[in-house]
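A closer look at the structure
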Amino acid sequence: MKLITFEGIEGVGKSTQINFVLEWLKSKDYSVKLLREPGSTDFGEKVRELLLSKESDISAHTELLLMFAARSEMITQHFTNAGEDFILCDRYYHASIAYQGYGRGLSLELIKNLIEGINCRTPDLTIIYDLDVKAGFKRKANDVIDRIESSGIDFFEEVRKGYQQLSIEKKEVEIIDASQSIEIISQQTKDLISQLF
């Protein structure tokens, strides 16, 4: 099983690209499972509701630990004994580094310990779609904004910096300029994934 994770701030077009990849891999007769974080299990979807609800007035540490609780369940239910050729995951632990580490200012060492503590599998490939924060929010102007999305421009500038830093530090992490056309981004995404065949 190959694990591919997709990352980026709000409005980068992640969901569009994941769905393109899903159909493309299926057309090549690969078996594929699509997951999202937080979510992908009954417990994880309940945690997602809590995390994204504007009624949840929670600390940054609580946010982080809820993310990892949902992640732990996803790993247990979907990664252990996975029979698919590919698992595509809409966000994974790199999101915790970017959002809770860089964005919320929590300890990167704590996050690293949580990643190791719940035995997070290292992705075979992580693709980060990079886009100017204001451009990302402009794309989402007509969407309902959730609790995390309402954290403000400065927060997302830090998240973006976190993602950019990850693309420098981690060998399995690649970055794609999300200001390009959907078609070009899709081709670049496929080119990266093709290296795993």
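See the structure above.
Residues numbered from 1 in each chain as written. Predicted model: local features only at pLDDT ≥ 70, side-chain atom pairs only at ≥ 80, totals over all residues. Heavy atoms only, no water.

Quick look at helix H2 (residues 42-52) now. Turning to H2, its buried residues are Gly-44, Val-47, Arg-48 and Leu-51. One face of H2 carries all of its buried residues, which in axial projection span an arc of 110°. The outward face of H2, more than 90 degrees from its buried face, is lined by the exposed residues Asp-42, Lys-46 and Glu-49. Contact partners of the buried residues in H2: strand S2 (32-36) and helix H3 (60-79). (Buried < 20%, exposed > 50% of the residue type's maximum accessible area, 1.4 Å probe, protein only. Helix = DSSP H or I, 4+ residues; strand = E, 2+ residues; numbered from the N terminus. Arc of directions from axis to C-beta. Contact = heavy atoms within 4.5 Å.)

A few words now on helix H5 (residues 108-117). Of all the residues in H5, the buried ones are Ile-111, Leu-114 and Ile-115. Buried residues of H5 fall within an arc of 100° about the axis and therefore sit on the same side. In H5, the exposed residues that point more than 90 degrees away from the buried face are Glu-116 and Gly-117. Buried positions along H5 lie against H3 and helix H4 (93-103). One side-chain oxygen at the N-terminal end of H5 lies 3.2 Å from the backbone nitrogen of Glu-109; it belongs to Ser-107. Where H5 ends, the next residue or the one after it, Asn-119, has phi of about 55°, a positive value. (Polar contact = N/O pair within 3.5 Å; in protein donor to acceptor, adjacent residues only side chain to side chain.)

Further remarks concern the pattern of salt bridges. Enumeration according to the criterion identifies 10 salt bridges in this entry. Its salt-bridge partner being Arg-71, residue Glu-37 comes within 2.7 Å of it at the nearest N-O pair. Of this pair, Glu-37 sits in the loop between S2 and H2 while Arg-71 sits in helix H3; the two residues are 34 residues apart in sequence, bridging distant segments of the chain. The same class applies to Glu-37 as to Arg-71, namely buried. (Salt bridge = Lys/Arg side-chain N within 4 Å of Asp/Glu carboxyl O.)

So, on to the packing of aromatic side chains. Summed over all chains, the structure comprises 11 aromatic pairs. With 5.1 Å between their ring centres and 85° between their planes, Tyr-30 and Phe-86 make a pair best called edge-to-face. Remark: Phe-86 occurs in strand S3 (residues 86-90) and Tyr-30 occurs in the loop between helix H1 (14-27) and S2; sequence separation between them is 56 residues. Residue classification places Phe-86 among the buried positions, given a relative accessible area of 3%. A network of ring pairs unites the aromatic residues Tyr-99, Phe-137, Phe-155, Phe-156 and Tyr-163 as a single cluster. (Phe/Tyr/Trp six-rings, centres within 6.5 Å; stacked < 30°, edge-to-face > 60°.)

Helix-helix packing: each pair is described by the crossing angle between the helix axes and the interaxial distance. Interhelical geometry of H1 versus helix H8 (residues 182-194) gives an angle of 55° and a closest axis separation of 10 Å. Considering their axes alone, H1 and H8 lie oblique with respect to each other. Note on packing geometry: the crossing formed by H1 with H8 is right-handed. Of the residues in H8, those touching H1 at Thr-16, Gln-17, Phe-20, Val-21, Trp-24 and Leu-25 are Ile-182, Ile-185, Ser-186, Thr-189, Lys-190, Ile-193 and Ser-194. (Axes fitted to C-alpha atoms, helices over the stretch in contact; angles between N-to-C directions. Parallel < 35°, antiparallel > 145°, perpendicular 65-115°, else oblique. Left-handed = near helix turned anticlockwise from the far one by under 90°.)

In regular strands, side chains alternate between the two faces of the sheet. By the criterion of burial, strand S1 (residues 2-7) is predominantly enclosed, with five of the six residues buried. By the bridge criterion, five bridges tie S1 to S3 in an arrangement that is parallel. Bridging from a neighbouring strand, Leu-3 pairs with Ile-87 of S3. Note that S1 and strand S4 (residues 125-130) share four bridges and pair parallel. By the bridge assignment for S4, Phe-6 is matched with Ile-127. (Pairing = 2+ DSSP bridges.)

Everything listed is a geometric property; what it means functionally is a separate question.
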